[in-house]
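An overview of the molecular structure
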Amino acid sequence: MYSLAELAVNLGLAYSGQADRVITGLAPLDSAGPDQLSFIADKKYLSQLAVTRAAAVILHPDYADQCPVASLPCTEPYVMFARASRLFDRSPETKPGIHPSAVVSPDSVVHASASVAAMAVIEAGAVIEEHVSIGAGVFVGSDSRVGKGSKIYPNAVLYHDVHLGESCVLHALAVLGSDGFGFAPGDAGWEKIYQLGGVRIGDRVEIGGGCTIDRGALEHTVIEDGVIIDNQVHIAHNCRIGKNTAIAACCGVAGSAKIGANCTFGGMCGVAGHIEICDNAHFTGRSMVTKSVSEPGSYSSGIPASPSREWRKNAVRFLQLESIYRRLVKLEKQ
């Protein structure tokens, strides 16, 4: 709970309106009540701004004259909304200490300020730095490290030799350091290639629930600083993901792919193995990236949904493309 003036101080913004107006939470423009803060970052919502009942609105200065309630003008409303959300976060706080049911090796290092919840396992050689939160049922393997201020939610798994940087968030059921999909075909069947590398995660990385990041075969799999990964994403062995890249849900990145900084991937994208993607490349949902990308920009693939009858006709036409192409070449020669 903040007064409008206190909120402005916390966000480093000027404000208009009643200084002692009490604000208890956040809400969308069209449903915010008289004790809630909202925001507008896109002019297509100006009609909602005109009738909002919010206590105050974070907005661009260009829209301030159209705001019927108190306002907090800034040039990046969405970023400022993100900062405001932290002020109203009600996630339970963890307390330092090790739960009696946790299994912590005497050969590990757990900082006194860290929190280790029930049934967690910390193996020999692992290092848990200060102000780390280890959730219930988390497994931290030997010689792994969890950096200062990081939070790991219940039942996540860090295999051996996995380093998680500072101020990271690892959501429930994520798995870091599982074996890469390495097998050599032989006369007797598939021969397993033992995965000898580890996983190195930078600082301020957030990894969603149910994600899997494989360890490297010989060298490490690397996720650089500031990367954000949504739920149900798979990163295969020996990949490298550049700084501040964002990967939405259900994407898959095949082995040894190298992705640059500040890239974005919409949901269900696939990236082939052993390719390189430059910085600032952006892929819309369900794109299939089969070869290296050297130019920044936006890329798309996949077939949008259409009525089944139309789709079937187009599918038949697709199968006819080769014969149509040959006929066209023949006609051009004539």
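In this report, we go over the structure that sits alongside the text.

Turning our eyes to something else, we now look at the nonpolar core. If you look at the biggest cluster of nonpolar residues, it comprises 50 residues, and the most contacted ones within it are I134, I201, I207, F265 and I277. Those elements that provide at least two residues to this core are β18 (162-164), β23 (199-201) and β36 (281-283). With residues up to four places along the chain from it excluded, the contact list for I277 reads K258, I259, G260, C263, F265, V271, F283, V289 and V293. If you look at the next biggest cluster of nonpolar residues, it comprises 17 residues, including L4, L37, A56 and C74.

Right, let's talk about the sheet that holds strand β25 (residues 212-214) for a bit. Overall, parallel pairing links the 10 strands, which are arranged β8-β11-β14-β17-β20-β25-β28-β31-β34-β37 in an open sheet. Strands at the two margins of the open sheet, each flanked by one partner only, are β8 (103-104) and β37 (288-289). Across 2 bridges, the pairing between strand β34 (residues 270-271) and β37 is parallel. By the bridge assignment, G270 is partnered in β37 with M288.

For helix α1 (residues 4-11), the set of buried residues is L4, L7, A8 and L11. What you see down the axis of α1 is that its buried residues fit within an arc of 100 degrees, all on one side. In the stretch just after α1, G12 is the one whose phi turns positive, near 70 degrees.

Looking at where D225 falls in the secondary structure, it is placed in the loop between β26 (221-223) and β27 (228-229). Sequence spacing of D225 and A246 is 21 residues, and the spatial spacing of their C-alpha atoms is 11 Å. Excluding residues within four positions of it along the chain, D225 makes contact with G202, D203, R204, V205, K243 and N244.

Once that is clear, we can look at the packing of aromatic side chains. Applying the stated rule across the entire model yields 7 aromatic pairs. For the ring pair F39 and F81, a centre distance of 4.2 Å and an interplane angle of 20 degrees mean the geometry is stacked. Linking F39 in strand β4 (residues 36-39) with F81 in helix α3 (residues 77-87), this pair joins segments that are 42 residues apart in sequence. The partly exposed category is assigned to F39, whose relative accessible area is 22%. Relative accessible area serves as the criterion here: at 23%, F81 is assigned to the partly exposed category.

It is worth spelling out the side chain of S115 at this point. Looking at the element boundaries, S115 is found in strand β10 (residues 115-116). For S115, a relative accessible area of 9% puts it in the buried group. Of note is the side chain of S115, whose polar atom sits 3.1 Å from the backbone oxygen of K95. In this view, S115 contacts T94, K95, P96, G97, V132, S133 and I134; residues no more than four positions away in its chain are not counted.

Bringing the environment of V69 into the picture now. Relative to the helices and strands, V69 is located in the loop between β5 (56-59) and β6 (70-73). Placed 52 residues apart in sequence, V69 and G17 show a C-alpha to C-alpha distance of 7.3 Å. The contacts of V69, once residues within four sequence positions are left out, are T52, A54, A55, A56 and V57.

Take the sheet that holds β10 next. Spatial ordering of the open sheet is given by β7-β10-β13-β16-β19-β24-β27-β30-β33-β36-β38, a layout of 11 strands whose pairing is parallel. Of all the strands in the sheet, the pair left with one neighbour each is β7 (97-98) and β38 (297-299). As judged from the 2 bridges shared by strand β13 (residues 133-134) and strand β16 (residues 151-152), these two strands associate in the parallel manner. Pairing of I134 across the sheet is with I152, part of β16.

Reading the values: rules and limits
Residues numbered from 1 in each chain as written. Predicted model: local features only at pLDDT ≥ 70, side-chain atom pairs only at ≥ 80, totals over all residues. Heavy atoms only, no water. Core = buried A, V, L, I, M, F, W, Y, C linked by side-chain atoms within 4.5 Å. Buried < 20%, exposed > 50% of the residue type's maximum accessible area, 1.4 Å probe, protein only. Helix = DSSP H or I, 4+ residues; strand = E, 2+ residues; numbered from the N terminus. Contact = heavy atoms within 4.5 Å. Pairing = 2+ DSSP bridges. Arc of directions from axis to C-beta. Phe/Tyr/Trp six-rings, centres within 6.5 Å; stacked < 30°, edge-to-face > 60°. Polar contact = N/O pair within 3.5 Å; in protein donor to acceptor, adjacent residues only side chain to side chain.

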